[in-house]
Amino acid sequence: MASGFFMLLEDISVLMDDIAVNTKIAAKNTAGVLGDDLAVNASKASNFSASRELPVIWAITKGSLVNKIIIIPIMIALSIYFPQAIVPILLLGGAFLSFEGAEGIWGYIFPHENHSQSKDVPEKDKIKSAIITDFILSIEIVLIALSTVVNSPLLERIIIVTLISFLATIGVYGIVAFLVRLDDMGLSLAENEPKDSFKYRFGMRLVSALPLIIKILSVVGVFAMLLVAGGIFMHHIEILHDIMHNIPTFMSELIVPLIVGGFIMMIVNAIKFVFKVN
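From a predicted model like this one, the values you see are computed outputs, not experimental measurements. Each chain has its residues counted from 1, following the order in which its sequence is written. The predicted origin of the model limits local features to residues at a pLDDT of at least 70 and limits the giving and counting of side-chain atom pairs to 80 or more, whereas totals for whole chains, interfaces and linings rest on all residues. Side-chain measures here rest on the full set of heavy atoms in the structure, leaving out hydrogens and waters.

Asks: What is the right way to read the overall build of the protein chain from this model?
Replies: On a plain count of helices and strands, the protein chain comes out with ten helices and zero strands. Helix and strand labels come from DSSP, where a helix needs a run of H or I of at least four residues and a strand needs a run of E of at least two; each type is numbered from the N terminus. Sequence-ordered secondary structure for the protein chain, helices as α and strands as β, is α-α-α-α-α-α-α-α-α-α. Burial status follows relative accessibility: with a 1.4 Å probe on protein chains alone, a residue under 20% of its type maximum counts as buried, one over 50% as exposed, and anything between as partly exposed. Looking at the 278 residues of the protein chain, the share that counts as buried comes to 40%. Shrake-Rupley sampling with a 1.4 Å probe provides the accessible areas, and residues are treated as covered by the protein chains on show and by no other component. For the protein chain, the accessible area works out to roughly 15900 Å², and carbon and sulfur atoms hold 70% of it.

Structure below.
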(Lines give C-alpha, C1' and ligand atoms only; values in the text may rest on other atoms or scores of the structure.)
Protein backbone atom coordinates (compact mmCIF):
# COMPACT_ATOMS: atom_id res chain seq x y z
CA MET A 1 0.00 0.00 0.00
CA ALA A 2 2.74 2.42 1.04
CA SER A 3 4.88 1.46 -1.96
CA GLY A 4 1.93 2.15 -4.28
CA PHE A 5 1.51 5.61 -2.72
CA PHE A 6 5.20 6.44 -3.22
CA MET A 7 5.06 5.20 -6.81
CA LEU A 8 2.12 7.55 -7.39
CA LEU A 9 4.14 10.42 -5.92
CA GLU A 10 7.05 9.52 -8.21
CA ASP A 11 4.75 9.49 -11.26
CA ILE A 12 3.37 12.90 -10.28
CA SER A 13 6.91 14.22 -9.81
CA VAL A 14 7.96 12.99 -13.26
CA LEU A 15 4.81 14.49 -14.80
CA MET A 16 5.47 17.86 -13.13
CA ASP A 17 9.08 17.84 -14.35
CA ASP A 18 7.93 17.12 -17.91
CA ILE A 19 5.29 19.84 -17.68
CA ALA A 20 7.85 22.37 -16.40
CA VAL A 21 10.33 21.59 -19.21
CA ASN A 22 7.73 21.54 -21.98
CA THR A 23 5.97 24.66 -20.68
CA LYS A 24 9.28 26.51 -20.90
CA ILE A 25 9.78 25.34 -24.50
CA ALA A 26 6.18 26.19 -25.44
CA ALA A 27 6.53 29.66 -23.86
CA LYS A 28 9.70 30.28 -25.89
CA ASN A 29 7.98 29.17 -29.12
CA THR A 30 4.95 31.40 -28.53
CA ALA A 31 6.99 34.46 -27.46
CA GLY A 32 6.93 35.99 -30.95
CA VAL A 33 3.16 35.79 -31.25
CA LEU A 34 2.78 37.09 -27.69
CA GLY A 35 4.80 40.16 -28.69
CA ASP A 36 2.46 40.71 -31.62
CA ASP A 37 -0.53 40.05 -29.36
CA LEU A 38 0.68 42.75 -26.96
CA ALA A 39 1.15 45.32 -29.73
CA VAL A 40 -2.22 44.57 -31.32
CA ASN A 41 -4.18 44.61 -28.06
CA ALA A 42 -2.45 47.71 -26.70
CA SER A 43 -3.52 49.60 -29.82
CA LYS A 44 -7.04 48.13 -29.62
CA ALA A 45 -7.39 49.07 -25.93
CA SER A 46 -6.31 52.69 -26.42
CA ASN A 47 -8.35 55.81 -27.27
CA PHE A 48 -10.78 55.46 -24.39
CA SER A 49 -11.46 58.10 -21.76
CA ALA A 50 -9.29 57.78 -18.65
CA SER A 51 -12.20 56.67 -16.47
CA ARG A 52 -13.06 53.85 -18.90
CA GLU A 53 -9.57 52.49 -19.67
CA LEU A 54 -9.37 49.84 -16.94
CA PRO A 55 -13.03 48.74 -17.23
CA VAL A 56 -12.56 48.35 -21.00
CA ILE A 57 -9.32 46.38 -20.58
CA TRP A 58 -11.04 44.16 -17.99
CA ALA A 59 -13.94 43.58 -20.42
CA ILE A 60 -11.49 42.60 -23.18
CA THR A 61 -9.53 40.40 -20.74
CA LYS A 62 -12.72 38.54 -19.78
CA GLY A 63 -13.51 38.13 -23.48
CA SER A 64 -9.99 36.80 -24.04
CA LEU A 65 -10.38 34.26 -21.22
CA VAL A 66 -13.69 33.10 -22.73
CA ASN A 67 -11.91 32.82 -26.10
CA LYS A 68 -9.31 30.51 -24.53
CA ILE A 69 -12.00 28.41 -22.80
CA ILE A 70 -13.67 27.92 -26.21
CA ILE A 71 -10.50 27.45 -28.27
CA ILE A 72 -8.43 25.08 -26.10
CA PRO A 73 -10.81 22.07 -26.00
CA ILE A 74 -11.75 22.53 -29.68
CA MET A 75 -8.12 22.66 -30.85
CA ILE A 76 -7.07 19.71 -28.69
CA ALA A 77 -10.05 17.67 -29.93
CA LEU A 78 -9.28 18.61 -33.55
CA SER A 79 -5.61 17.70 -33.12
CA ILE A 80 -6.73 14.22 -32.01
CA TYR A 81 -9.76 13.48 -34.20
CA PHE A 82 -9.60 15.82 -37.20
CA PRO A 83 -6.11 17.35 -37.58
CA GLN A 84 -6.83 18.16 -41.26
CA ALA A 85 -9.11 21.03 -40.12
CA ILE A 86 -6.40 22.92 -38.23
CA VAL A 87 -4.59 24.43 -41.24
CA PRO A 88 -7.78 25.74 -42.93
CA ILE A 89 -8.80 27.33 -39.60
CA LEU A 90 -5.39 29.01 -39.35
CA LEU A 91 -5.63 30.25 -42.94
CA LEU A 92 -9.08 31.74 -42.32
CA GLY A 93 -7.68 33.50 -39.26
CA GLY A 94 -4.77 34.75 -41.35
CA ALA A 95 -7.21 36.12 -43.94
CA PHE A 96 -9.09 38.03 -41.22
CA LEU A 97 -5.87 39.51 -39.79
CA SER A 98 -4.73 40.41 -43.34
CA PHE A 99 -7.97 42.29 -43.93
CA GLU A 100 -7.70 44.19 -40.62
CA GLY A 101 -4.03 45.01 -41.21
CA ALA A 102 -4.53 46.11 -44.84
CA GLU A 103 -7.53 48.22 -43.86
CA GLY A 104 -5.48 49.85 -41.10
CA ILE A 105 -2.63 50.74 -43.46
CA TRP A 106 -5.09 52.02 -46.09
CA GLY A 107 -6.63 54.24 -43.43
CA TYR A 108 -3.24 55.70 -42.50
CA ILE A 109 -2.19 56.36 -46.11
CA PHE A 110 -5.57 57.60 -47.33
CA PRO A 111 -7.46 58.93 -44.30
CA HIS A 112 -11.18 58.78 -44.89
CA GLU A 113 -14.27 59.59 -42.90
CA ASN A 114 -14.69 56.23 -41.18
CA HIS A 115 -11.01 56.03 -40.22
CA SER A 116 -10.74 59.62 -38.97
CA GLN A 117 -13.89 59.16 -36.89
CA SER A 118 -12.77 55.85 -35.36
CA LYS A 119 -12.71 57.51 -31.94
CA ASP A 120 -16.49 57.99 -32.26
CA VAL A 121 -17.09 54.25 -32.59
CA PRO A 122 -19.20 53.07 -29.62
CA GLU A 123 -17.20 51.53 -26.77
CA LYS A 124 -19.13 48.26 -27.06
CA ASP A 125 -18.15 47.91 -30.73
CA LYS A 126 -14.47 48.60 -29.96
CA ILE A 127 -14.49 45.93 -27.26
CA LYS A 128 -16.17 43.48 -29.62
CA SER A 129 -13.56 44.18 -32.34
CA ALA A 130 -10.72 43.70 -29.84
CA ILE A 131 -12.16 40.37 -28.64
CA ILE A 132 -12.59 39.10 -32.21
CA THR A 133 -8.96 39.96 -33.02
CA ASP A 134 -7.87 38.34 -29.75
CA PHE A 135 -9.78 35.19 -30.79
CA ILE A 136 -7.70 34.86 -33.97
CA LEU A 137 -4.41 35.50 -32.15
CA SER A 138 -5.45 33.08 -29.40
CA ILE A 139 -5.93 30.31 -31.96
CA GLU A 140 -2.37 30.91 -33.17
CA ILE A 141 -0.99 30.89 -29.60
CA VAL A 142 -2.87 27.69 -28.70
CA LEU A 143 -1.79 25.89 -31.86
CA ILE A 144 1.88 26.87 -31.49
CA ALA A 145 1.85 25.72 -27.86
CA LEU A 146 0.06 22.52 -28.91
CA SER A 147 2.57 21.81 -31.69
CA THR A 148 5.37 21.93 -29.10
CA VAL A 149 3.84 19.10 -27.06
CA VAL A 150 2.05 17.18 -29.83
CA ASN A 151 3.86 13.93 -28.90
CA SER A 152 3.28 14.28 -25.16
CA PRO A 153 0.56 12.38 -23.24
CA LEU A 154 -2.92 13.93 -23.52
CA LEU A 155 -3.07 15.14 -19.89
CA GLU A 156 0.30 16.84 -20.24
CA ARG A 157 -0.82 18.52 -23.49
CA ILE A 158 -3.98 19.86 -21.85
CA ILE A 159 -2.11 21.23 -18.80
CA ILE A 160 0.68 22.90 -20.81
CA VAL A 161 -1.56 24.48 -23.45
CA THR A 162 -3.94 25.74 -20.76
CA LEU A 163 -1.07 27.17 -18.70
CA ILE A 164 0.50 28.97 -21.67
CA SER A 165 -2.84 30.33 -22.87
CA PHE A 166 -4.01 31.76 -19.57
CA LEU A 167 -0.57 33.09 -18.58
CA ALA A 168 -0.45 34.80 -21.98
CA THR A 169 -3.79 36.51 -21.32
CA ILE A 170 -2.81 37.66 -17.84
CA GLY A 171 0.63 38.84 -19.01
CA VAL A 172 -0.51 40.65 -22.16
CA TYR A 173 -3.45 42.48 -20.62
CA GLY A 174 -1.53 43.20 -17.43
CA ILE A 175 1.10 45.04 -19.50
CA VAL A 176 -1.62 46.78 -21.54
CA ALA A 177 -3.27 48.00 -18.31
CA PHE A 178 0.10 49.27 -17.08
CA LEU A 179 0.75 51.14 -20.33
CA VAL A 180 -2.59 52.93 -20.51
CA ARG A 181 -2.23 54.14 -16.92
CA LEU A 182 1.24 55.60 -17.39
CA ASP A 183 -0.14 59.14 -17.51
CA ASP A 184 -1.95 58.70 -14.17
CA MET A 185 1.26 57.35 -12.64
CA GLY A 186 3.11 60.37 -13.98
CA LEU A 187 0.56 62.83 -12.58
CA SER A 188 0.67 61.06 -9.23
CA LEU A 189 4.47 61.36 -9.14
CA ALA A 190 4.43 65.04 -10.12
CA GLU A 191 1.64 66.04 -7.75
CA ASN A 192 2.69 68.51 -5.04
CA GLU A 193 6.34 68.33 -6.20
CA PRO A 194 8.47 71.39 -7.04
CA LYS A 195 8.72 71.94 -10.80
CA ASP A 196 12.50 71.66 -10.76
CA SER A 197 12.50 68.34 -8.87
CA PHE A 198 13.39 65.02 -10.50
CA LYS A 199 10.05 63.43 -9.51
CA TYR A 200 8.07 66.24 -11.17
CA ARG A 201 10.10 66.16 -14.40
CA PHE A 202 10.00 62.37 -14.59
CA GLY A 203 6.26 62.29 -13.87
CA MET A 204 5.48 64.85 -16.57
CA ARG A 205 7.64 62.96 -19.06
CA LEU A 206 5.53 59.87 -18.41
CA VAL A 207 2.40 61.95 -19.08
CA SER A 208 3.78 63.35 -22.35
CA ALA A 209 5.18 59.95 -23.42
CA LEU A 210 1.86 58.07 -23.26
CA PRO A 211 0.27 59.49 -26.47
CA LEU A 212 3.48 58.71 -28.38
CA ILE A 213 3.64 55.17 -26.95
CA ILE A 214 -0.01 54.53 -27.89
CA LYS A 215 0.53 55.93 -31.38
CA ILE A 216 3.62 53.74 -31.89
CA LEU A 217 1.78 50.68 -30.57
CA SER A 218 -1.16 51.45 -32.85
CA VAL A 219 1.13 51.38 -35.90
CA VAL A 220 3.09 48.38 -34.59
CA GLY A 221 -0.21 46.60 -33.93
CA VAL A 222 -1.25 46.92 -37.57
CA PHE A 223 2.07 45.53 -38.80
CA ALA A 224 1.94 42.83 -36.10
CA MET A 225 -1.40 41.59 -37.46
CA LEU A 226 0.11 41.43 -40.95
CA LEU A 227 3.22 39.59 -39.74
CA VAL A 228 1.17 37.01 -37.82
CA ALA A 229 -0.97 36.48 -40.93
CA GLY A 230 2.13 36.33 -43.13
CA GLY A 231 3.70 33.75 -40.85
CA ILE A 232 0.57 31.61 -41.09
CA PHE A 233 0.52 31.79 -44.90
CA MET A 234 4.25 31.19 -45.35
CA HIS A 235 4.28 28.21 -42.97
CA HIS A 236 1.22 26.49 -44.39
CA ILE A 237 1.09 27.31 -48.12
CA GLU A 238 4.05 25.52 -49.70
CA ILE A 239 3.83 27.22 -53.09
CA LEU A 240 4.52 30.62 -51.50
CA HIS A 241 8.07 29.48 -50.67
CA ASP A 242 8.72 28.90 -54.38
CA ILE A 243 7.13 32.21 -55.41
CA MET A 244 8.84 34.30 -52.71
CA HIS A 245 12.17 32.44 -52.46
CA ASN A 246 14.25 35.49 -53.53
CA ILE A 247 12.53 37.82 -51.06
CA PRO A 248 13.62 38.06 -47.40
CA THR A 249 11.26 36.27 -45.01
CA PHE A 250 10.31 39.48 -43.20
CA MET A 251 9.27 41.15 -46.46
CA SER A 252 7.41 38.05 -47.64
CA GLU A 253 5.42 37.97 -44.42
CA LEU A 254 4.34 41.56 -45.07
CA ILE A 255 3.75 41.40 -48.83
CA VAL A 256 1.60 38.25 -48.88
CA PRO A 257 -0.95 39.40 -46.26
CA LEU A 258 -1.08 42.87 -47.84
CA ILE A 259 -2.06 41.27 -51.15
CA VAL A 260 -4.59 38.97 -49.45
CA GLY A 261 -5.95 41.79 -47.29
CA GLY A 262 -6.19 44.16 -50.26
CA PHE A 263 -8.10 41.57 -52.26
CA ILE A 264 -10.54 40.97 -49.38
CA MET A 265 -10.95 44.74 -48.98
CA MET A 266 -11.97 45.04 -52.64
CA ILE A 267 -14.56 42.27 -52.22
CA VAL A 268 -15.93 43.80 -49.00
CA ASN A 269 -16.13 47.29 -50.54
CA ALA A 270 -17.83 45.89 -53.64
CA ILE A 271 -20.42 44.14 -51.44
CA LYS A 272 -20.93 47.36 -49.45
CA PHE A 273 -21.38 49.32 -52.70
CA VAL A 274 -23.88 46.83 -54.16
CA PHE A 275 -25.95 46.61 -50.97
CA LYS A 276 -25.40 50.29 -50.08
CA VAL A 277 -23.87 49.45 -46.66
CA ASN A 278 -21.84 52.16 -44.90
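Asks: Before we go on, may I ask you to explain the packing of aromatic side chains in this structure?
Replies: The way to describe two aromatic rings as a pair is by their centre distance and the angle between their planes. Ring pairs shown here join Phe, Tyr and Trp side chains whose ring centres sit within 6.5 Å, with only the six-membered ring taken for Trp; geometry is labelled stacked below 30 degrees between planes, edge-to-face above 60, and tilted in between. If you walk through the whole model with that rule in mind, you get one aromatic pair. Between Phe198 and Phe202 the ring centres are 5.8 Å apart and the planes differ by 15 degrees, which places this aromatic pair in the stacked class. Linking Phe198 with Phe202, this pair stays in helix α8 (residues 198-236), spanning four residues, or about one helical turn. You can call Phe198 exposed: its relative accessible area is 58%. Under the relative-accessibility criterion, Phe202 is labelled partly exposed at 39%.

Asks: Hey, could you run me through the environment of Val176 in this one?
Replies: By secondary structure assignment, the location of Val176 is in helix α6 (residues 154-180). Take Val176: its relative accessible area is 0%, and that puts it in the buried class. Taking C-alpha positions, Val176 is 9.5 Å from Leu54, a pair spaced 122 residues apart along the chain.

Asks: I'm lost on the packing of helix α3 (residues 86-109) against helix α10 (residues 249-274) in this one. Help?
Replies: Helix packing for two helices is described by the angle between their axes and how far apart those axes are. For helices, the fitted axis covers only the stretch in contact; all axes are lines through C-alpha atoms, and the angles between them, taken along N-to-C directions, range from 0 to 180 degrees. Running from N to C, α3 and α10 cross one another at 80 degrees; their axes reach a closest spacing of 7 Å. In terms of orientation, α3 lies roughly perpendicular with respect to α10. Here α3 contributes Ala95, Ser98, Phe99, Ala102, Glu103, Ile105 and Trp106 to the contact with α10, which in turn contributes Pro257, Leu258, Val260, Gly261, Gly262, Ile264, Met265 and Val268. Counted by class, the contact of α3 with α10 contains eleven nonpolar, three polar and one charged residues. Working definition: roughly parallel below 35 degrees, roughly antiparallel above 145 degrees, roughly perpendicular at 65 to 115 degrees, and oblique for all remaining angles. Any two residues whose heavy atoms approach within 4.5 Å at even a single point are treated as in contact. The residue classification treats Ala, Val, Leu, Ile, Met, Phe, Trp, Tyr, Cys and Pro as nonpolar and Asp, Glu, Lys and Arg as charged. All others, Gly included, are polar.

Asks: Got a minute to help me understand the nonpolar core in this structure?
Replies: Note that soluble globular proteins tend to have their nonpolar side chains buried in a common cluster. In this text, buried Ala, Val, Leu, Ile, Met, Phe, Trp, Tyr and Cys residues form a nonpolar core when linked through side-chain atoms within 4.5 Å. Counting 30 residues, the largest nonpolar core has Met75, Leu97, Leu143 and Val161 as its most contacted members. When contributions to this core are tallied by element, the ones reaching two or more residues are α2 (53-81), α3, α5 (123-148), α6 and α8. When residues in this core are grouped by element, the largest group, eight residues, is from α5. Among residues more than four places away in sequence, those in contact with Met75 are Ile86, Ile89, Ile139, Val142, Leu143 and Leu146. Counting 17 residues, the second-largest nonpolar core is a separate cluster that includes Ile60, Ala130, Val172 and Ile214.

Asks: Explanation requested: the confidence of the model for the protein chain in the structure shown.
Replies: For the protein chain, the mean per-residue pLDDT works out to 78, and 78% of the residues sit at or above 70. Model confidence for the protein chain, summarised as mean pLDDT per element, is weakest for helix α4 (residues 113-116) at 48 and strongest for α10 at 90. The quantity known as pLDDT measures the predictor's confidence residue by residue, on a range of 0 to 100. When the criterion is pLDDT under 50, residues 4-15 qualifies, and its contacts beyond four places in sequence or with other chains add up to two contacts.

Asks: Quick question: what am I supposed to make of the pattern of salt bridges here?
Replies: Between side chains of opposite charge, a pair can form as their charged atoms come close. By salt bridge we mean one thing: a side-chain nitrogen of Lys or Arg within 4 Å of a carboxyl oxygen of Asp or Glu. In the structure shown here, the tally under the stated rule is three salt bridges. For Lys199, the salt bridge is made with Glu193, and the minimal N-O distance between the two is 3.6 Å.

Asks: I'm lost on the side chain of Ser98 in this one. Help?
Replies: Checked against the element boundaries, Ser98 lands in helix α3. What makes Ser98 buried here is its relative accessible area of 0%. In the analysis that follows, any N or O atom pair within 3.5 Å is treated as a polar contact, provided that within protein one partner can donate a hydrogen and the other can accept it, and provided that, for residues neighboring in sequence, both atoms belong to side chains. There is a polar contact of 2.7 Å between the side chain of Ser98 and the backbone oxygen of Gly94. In contact with Ser98, not counting residues within four places along its chain, are Leu226, Ala229, Phe233, Pro257, Val260 and Gly261.

Asks: What is the right way to read a nonpolar patch on the surface from this model?
Replies: A cluster of nonpolar side chains, contributed by Phe263, Met266, Ile267, Ile271, Phe273, Val274 and Phe275, occupies part of the molecular surface with about 810 Å² of accessible area. Note on placement: Phe273 falls in helix α10. Like-charged residues within 9 Å of one another, or nonpolar side chains (Val, Leu, Ile, Met, Phe, Trp, Tyr) within 5 Å, are grouped into patches, provided each residue has over 30% relative accessible area and no salt bridge.

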